[in-house]
Amino acid sequence: MAGEITLDVRGLDPPEPLVKVLIALETLPSGDSLRMLLNREPFPLYGLLQEDGYQYRTETFADGHLEIIIWR
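Rules used throughout
- Residues numbered from 1 in each chain as written.
- Predicted model: local features only at pLDDT ≥ 70, side-chain atom pairs only at ≥ 80, totals over all residues.
- Heavy atoms only, no water.
- Buried < 20%, exposed > 50% of the residue type's maximum accessible area, 1.4 Å probe, protein only.
- Helix = DSSP H or I, 4+ residues; strand = E, 2+ residues; numbered from the N terminus.
- Pairing = 2+ DSSP bridges.
- Right-handed = clockwise from strand over helix to strand, strands pointing away.
- Salt bridge = Lys/Arg side-chain N within 4 Å of Asp/Glu carboxyl O.
- Core = buried A, V, L, I, M, F, W, Y, C linked by side-chain atoms within 4.5 Å.
- Contact = heavy atoms within 4.5 Å.
- Phe/Tyr/Trp six-rings, centres within 6.5 Å; stacked < 30°, edge-to-face > 60°.

Colleague: Is there a simple way to think about the pairing of strand β2 (residues 33-38) in this case?
Modeller: On any regular strand, side chains alternate: one points to one face of the sheet, the next to the other face. Along β2, 5 of the 6 residues are buried, which leaves the element largely enclosed by surrounding structure. Relative to β2, strand β1 (residues 4-8) runs parallel, the two being bridged by 5 bridges. Bridged to L7 within β2 is M36. A crossover connection joins β1 to the parallel β2 through helix α1 (residues 16-26); in handedness this β-α-β unit is right-handed. Note that β2 and strand β4 (residues 66-71) share 6 bridges and pair antiparallel. Bridge pairing in β4 places L38 opposite L66.

Colleague: So what exactly am I meant to see when it comes to the pattern of salt bridges here?
Modeller: Taken as a whole, this structure holds 4 salt bridges when the rule is applied. A salt bridge links R35 to E4; the shortest N-O distance between them is 2.9 Å. Of this pair, R35 sits in strand β2 while E4 sits in strand β1, and the two are 31 residues apart along the sequence. A residue is classified by how much of its surface remains accessible, and R35, at 24% relative accessible area, is partly exposed. Between D8 and R10 there is a salt bridge, with the nearest N and O atoms lying 2.6 Å from each other.

Colleague: Where do I start with the nonpolar core in this structure?
Modeller: Grouped together as the largest cluster of nonpolar side chains are 16 residues, with contacts concentrated most on V21, L25, L34, M36 and I70. Looking at this core, the elements that each hand over two or more residues are α1, β2, α2 (43-51) and β4. Residues contacting I70, with those up to four places away along its chain left out, are V21, L25, L28, D32, S33, L34, L45, L49, Y54, Q55 and Y56.

Colleague: It is not clear to me how the packing of aromatic side chains should be interpreted in this structure. Could you clarify?
Modeller: Where two aromatic rings form a pair, the distance of their centres and the angle of their planes describe that pair. Summed over the entire model, instances satisfying the criterion amount to 2 aromatic pairs. Summarising the aromatic geometry, the rings of F43 and Y46 are spaced 6.3 Å apart at their centres and angled 80° between planes, so their arrangement reads as edge-to-face. On the criterion of helical spacing, the pair formed by F43 and Y46 is a turn pair, its members being 3 residues apart in helix α2. Between Y46 and Y56, the ring centres sit 4.8 Å apart and the planes meet at 15°, which makes this aromatic pair stacked. Here Y46, found in helix α2, pairs with Y56, found in strand β3 (residues 55-60); they are 10 residues apart in sequence, far enough to count as distant. The class for Y46 is buried, based on a relative accessible area of 11%. For Y56, a relative accessible area of 26% translates into the label partly exposed. An aromatic cluster is defined as three or more aromatic residues linked by ring pairs; in this entry it consists of F43, Y46 and Y56.

Have a look at this one:
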């Protein structure tokens, strides 16, 4: 069964959220996904994910925070 890791980077200033998610993806077990919680759209991250073969889904919530689910 695949697992999910949650990374909450809300309130952190750029580029710290990007750095933290890239480090987390390096150790993400095969078949697992990463749920990233953040306050702003991480436009630079999307290109990096595509280049590295990751898929992702972004959802914006009423309070303004975003959740991005990332998997390979």
